[in-house]
Amino acid sequence: MEYEPVIGLEVHAQLLTGSKIFCGCSTAFGEEPNTLTCPVCTGQPGSLPVLNRKAVEYAIKLGLATSCRITPYSIFARKNYFYPDLPKGYQISMYERPLAVDGVIEVAIENQKKKIKIIRIHMEEDAGKLKHGETLETAAFSYVDFNRTGVPLVEIVSGPDIRSPEEAGDYLRKLRAILQYLEICTGNMEEGSFRCDANVSVRPKGQKELGTRAEVKNMNSFKHVEKALEYEIKRQIAVLDGGEKIVQETRLWDANEGITVSMRGKEEAHDYRYFPDPDLVPLKIDEGWVDEIRKSLPELPGEKKDRFVRQYQIPEYDAEILTSTKAMANYYEECVRLLPEPKTVSNWMMGDLLKELKRDEREIDQCPVTPRHLSEMLSMVKAGTISGKIAKDVFEEMYQTGERPETIVKEKGWNQILDEGEIERAISKAMETNPKQVEDYRNGKDKLFGFFVGEVMKQTQGKANPKLVNDILKKKLKG
Ligand SMILES: [Zn+2]
């Protein structure tokens with residue numbers, strides 16, 4: 001039987017406020033454990049939470065950027081459960097009345113646009129972090145760090161609209177780009193600023209109703225999300241094909257083993273005994289404020305993409321990739337500012353540059369080649385100082401060493417040969433050592449022209465100007 005995967009994603013994004021959501025403690029990452037805490041975020045009796053206005057503003061920004069409706073009235077509830085990283089015994093989170101609803105994120109799948117629904121965006125506080133001695137199973141004890149407790153989060157819940165692991169990856173990348181463009185979240189998955197859980201089910205192709213789903217957690221990179229989903233889809237299909245039923249449960253992605261393992265039965269909402277937090281008044285958001293925030297929104301990925309197509313006359317496909325992160329878009333625009341050849345710059349970025357970054361799993365802001373160096377190199381190609389072919393080697397060298405292209409070309413002696421005398425000598429030599437081929441060429445075997453170009457390039461280590469080689473070679477071979 002053929003199955004169709006159905007995936008919905010829940011993303012927790014940490015908001016880039018200076019202080020926590022309900023107290024004045026700093027949200028800094030990587031500080032000494034338990035130094036950024038106070039009675040409020042550690043849940044001491046008698047302490048009272050006060051909502052951070054900036055966090056609400058950031059959440060509204062995200063709501064607007066994803067075409068959500070901002071609800072004028074939302075309520076913080078207590079989500080009750082016990083876990084050592086949760087000092088209050090409950091997490092403050094919006095439940096029945098979230099901040100924003102009914103949005104959409106558009107992704108491009110194989111050049112087709114697809115809309116993925118955003119069901120809701122709500123605000124909540126983060127929990128602390130447990131540090132286990134070795135592994136969870138072997139550790140004799142665990143430490144708890146409350147620095148992260150009370151850091152503001154938004155949870156973004158998508159509709160069950162995603163149909164493949166790649167689509168999930170595209171959606172996540174787009175969502176992260178929006179958060180980064182808005183400058184409200186670092187989007188750093190390793191540091192846990194951008195976390196993703198997935199609800200996965202499969203159903204026979206053509207069936208309307210959804211299959212039983214499993215929730216997959218603990219995927220801390222885009223690559224792992226895609227791998228975990230691939231594994232989970234295959235696992236569920238195997239279970240169904242074996243005549244068994246899918247159990248509704250929470251499963252953990254084990255990156256080392258490349259499998260998902262059952263963690264616990266899935267909780268239902270009623271297990272959390274939600275009720276409105278009596279210490280916080282309902283959050284009323286006036287329209288004037290929302291309008292003000294709307295006006296302050298920066299250019300978002302979709303808008304930037306459209307502008308790139310218009311302004312730089314590059315294909316939509318290029319523009320989509322070049323605007324996929326704000327850093328990449330800035331890099332591109334900086335290069336084009338230095339060398340106003342948008343298509344050439346785009347070709348190099350889409351080709352050699354992204355290939356190198358992908359191989360090293362680097363982001364563009366970790367790229368050793370600066371926009372200045374790249375544009376300098378492209379200017380050298382344009383001026384004929386180096387050939388397009390040599391440029392690839394220069395680029396590789398720039399990427400490895402971070403050196404300026406001029407320095408590299410000088411050190412390596414990679415200047416293009418523009419001296420006609422020198423090229424003529426190389427041609428003569430190629431003809432002398434291959435008399436048979438010269439004769440064949442003169443007897444009509446035109447294809448041999450390429451052979452001679454190759455010989456000349458070999459002799460000049462690829463440095464001869466190709467146009468000059470062509471022109472002179474034609475004359476010489478005619479005899
Ligand atoms: Zn605090």
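See the structure shown above.
Visitor: Requested: an account of the overall build of the protein, with residues and values cited.
Guide: Along its length, the protein carries 15 helices and 16 strands. Relative to the globule expectation of 23 Å for 479 residues, the C-alpha radius of gyration of the protein, 29 Å, shows a markedly less compact shape. By residue count, 49% of the 479 residues in the protein fall in the buried class. Counted over contacts in the protein with a minimum sequence separation of 6, partners at least 24 positions apart contribute 69%. Summed over all atoms, the accessible surface of the protein reaches about 24500 Å², with 50% contributed by carbon and sulfur. Between the centroid of the 70 positive side chains of the protein and the centroid of its 77 negative side chains there is a distance of 4 Å.

Visitor: Please provide a residue-by-residue account of the coordination of the zinc ion, values included.
Guide: Coordination of the zinc ion by the protein comes from Cys 23 (SG), Cys 25 (SG), Cys 38 (SG) and Cys 41 (SG), over a distance range of 2.3 to 2.4 Å. Each of the 4 donor atoms around the zinc ion contributes to a set of angles spanning 101 to 114°, which defines the coordination as tetrahedral. Between the donor residues of the zinc ion, the gaps in sequence give the motif C-x1-C-x12-C-x2-C. For Cys 23, a relative accessible area of 14% corresponds to the buried category.

Visitor: Can you break down the side chain of Gln 14 residue by residue, with the values?
Guide: Note that Gln 14 resides in strand 1 (residues 3-14). Judged by its relative accessible area of 15%, Gln 14 is buried. Once you skip the residues sitting within four places of it in the chain, Gln 14 turns out to touch Asp 126, Arg 148, Val 151, Pro 152, Leu 153, Ile 184, Cys 185, Gly 192, Ser 193 and Arg 195.

Visitor: Can you explain the nonpolar core? Please cite residues and give values.
Guide: Membership of the largest hydrophobic core comes to 106 residues, with the highest contact counts inside it found for Leu 62, Met 123, Ile 156, Tyr 171, Met 349, Leu 374 and Met 377. Apart from residues no more than four positions distant in its own chain, Leu 374 is found in contact with Tyr 331, Cys 335, Trp 348, Met 349, Val 369, Phe 395 and Met 398. One finds Ala 430, Leu 448, Val 456 and Leu 473 within the second-largest nonpolar core, a separate group that totals 19 residues.

Visitor: So what's going on with helix 15 (residues 466-478)? Residues and values would help.
Guide: Across its 13 residues, helix 15 extends 18 Å between first and last C-alpha, which sits within 8% of the 18 Å expected from 1.5 Å per residue. If you check which residues of helix 15 are buried, you get Leu 468, Val 469, Ile 472, Leu 473 and Leu 477. Summarising the axial view, the buried residues of helix 15 lie within an arc of 140°, below the 170-degree limit, and thus occupy one face. The exposed set on the far side of helix 15, more than 90 degrees from its buried face, consists of Lys 467, Lys 475 and Lys 478. Looking at the buried positions of helix 15, the neighbouring elements they touch are helix 12 (420-433), helix 13 (435-442) and helix 14 (448-459). Once helix 15 ends, the next one or two residues include Gly 479, with phi positive near 85°.

Visitor: Account for the packing of aromatic side chains, with residues named and values stated.
Guide: Applying the stated criterion to the full structure yields 12 aromatic pairs. Between Tyr 95 and Tyr 274, the ring centres sit 3.6 Å apart and the planes meet at 0°, which makes this aromatic pair stacked. Note that Tyr 95 is positioned in the loop between strand 5 (90-94) and strand 6 (100-109) and Tyr 274 in the loop between strand 14 (259-265) and strand 15 (275-276), a separation of 179 residues in sequence. Tyr 274 gets classed as partly exposed once you look at its relative accessible area, which sits at 22%.

Visitor: Talk me through the state of the cysteines; I want residue IDs and the actual numbers.
Guide: Enumeration according to the criterion identifies 0 disulfides in this entry. We note that Cys 335 lacks a disulfide partner, and the nearest cysteine sulfur, in Cys 367, lies 9.2 Å from it.

Visitor: Go over the packing of helix 14 against helix 15 with me, naming the residues and quoting the values.
Guide: Here helix 14 crosses helix 15 at 125°, and the two axes come no closer than 10 Å. Classified by the angle between their axes, helix 14 and helix 15 sit oblique to one another. Considering how the two elements wind past one another, helix 14 and helix 15 form a crossing that is right-handed. Residues Phe 449, Phe 452, Val 453, Val 456 and Met 457 of helix 14 lie in contact with helix 15, whose contacting residues are Pro 466, Val 469, Asn 470, Leu 473, Lys 474 and Leu 477. Taken together, the residues of the contact of helix 14 with helix 15 break down into 9 nonpolar, 1 polar and 1 charged.

Visitor: Provide a residue-level description of the packing of helix 10 (residues 388-401) against helix 11 (residues 405-412), including the pertinent values.
Guide: Relative to each other, helix 10 and helix 11 sit at 115°, their axes nearing to 10 Å. Of the possible angle classes, the one that applies to helix 10 and helix 11 is roughly perpendicular. Classified by chirality, the crossing of helix 11 by helix 10 is right-handed. Contact residues: Val 394, Glu 397, Met 398 and Thr 401 in helix 10; Pro 405, Ile 408, Val 409 and Lys 412 in helix 11. For the contact of helix 10 with helix 11, the residue count by class is 5 nonpolar, 1 polar and 2 charged.

Visitor: So what's going on with helix 2 (residues 165-181)? Residues and values would help.
Guide: Relative to the 24 Å expected for 17 residues at 1.5 Å per residue, helix 2 spans 24 Å between its end C-alpha atoms, a close match to the ideal helical length. In terms of burial, helix 2 is largely enclosed, as 13 of its 17 residues are buried. After helix 2 finishes, the residue Glu 183 shows a positive phi value of roughly 60°.

Visitor: Explain unusual backbone geometry residue by residue, including any values.
Guide: Positive phi is not limited to glycine here, since Gln 313 has a value of about 55°. Mapping Gln 313 onto the fold places it in the loop between helix 5 (301-312) and helix 6 (316-322). The phi torsion at Glu 361 lies on the positive side, around 50°, for a residue other than glycine. In this structure, Glu 361 sits in the loop between helix 8 (342-359) and helix 9 (371-383).

Visitor: Before we move on, can you summarise the pattern of salt bridges with the specific residues and values?
Guide: If you walk through the whole model with that rule in mind, you get 42 salt bridges. The shortest N-O distance in the salt bridge between Glu 232 and Arg 251 comes to 3.5 Å. Taken together, the positions of Glu 232 in helix 3 (residues 222-241) and Arg 251 in strand 13 (residues 249-254) put the pair 19 residues apart, joining distant regions of the chain. The class of Arg 251 is buried, set by a relative accessible area of 8%. Members of the salt-bridge network, linked through shared partners, are Lys 113, Lys 174, Lys 305, Glu 316 and Glu 320.

Calculation rules
- Residues numbered from 1 in each chain as written.
- Predicted model: local features only at pLDDT ≥ 70, side-chain atom pairs only at ≥ 80, totals over all residues.
- Heavy atoms only, no water.
- Helix = DSSP H or I, 4+ residues; strand = E, 2+ residues; numbered from the N terminus.
- Rg over C-alpha atoms; globule rule 2.2 N^0.38 Å.
- Buried < 20%, exposed > 50% of the residue type's maximum accessible area, 1.4 Å probe, protein only.
- Contact = heavy atoms within 4.5 Å.
- Areas by Shrake-Rupley, 256 points an atom, 1.4 Å probe, with all protein chains shown as cover.
- Lys, Arg positive; Asp, Glu negative; His and termini not counted.
- Charge placed at Lys NZ, Arg CZ, Asp CG, Glu CD.
- Donors = N, O, S within 2.8 Å, 3.2 Å for Na, K, Ca; no water.
- Tetrahedral: all angles 85-135°; square planar, octahedral: opposite > 155°, others 65-115°.
- Core = buried A, V, L, I, M, F, W, Y, C linked by side-chain atoms within 4.5 Å.
- Expected span 1.5 Å × (residues − 1).
- Arc of directions from axis to C-beta.
- Phe/Tyr/Trp six-rings, centres within 6.5 Å; stacked < 30°, edge-to-face > 60°.
- Disulfide = S-S within 2.5 Å.
- Axes fitted to C-alpha atoms, helices over the stretch in contact; angles between N-to-C directions.
- Parallel < 35°, antiparallel > 145°, perpendicular 65-115°, else oblique.
- Left-handed = near helix turned anticlockwise from the far one by under 90°.
- Nonpolar A, V, L, I, M, F, W, Y, C, P; charged D, E, K, R; others polar.
- Salt bridge = Lys/Arg side-chain N within 4 Å of Asp/Glu carboxyl O.

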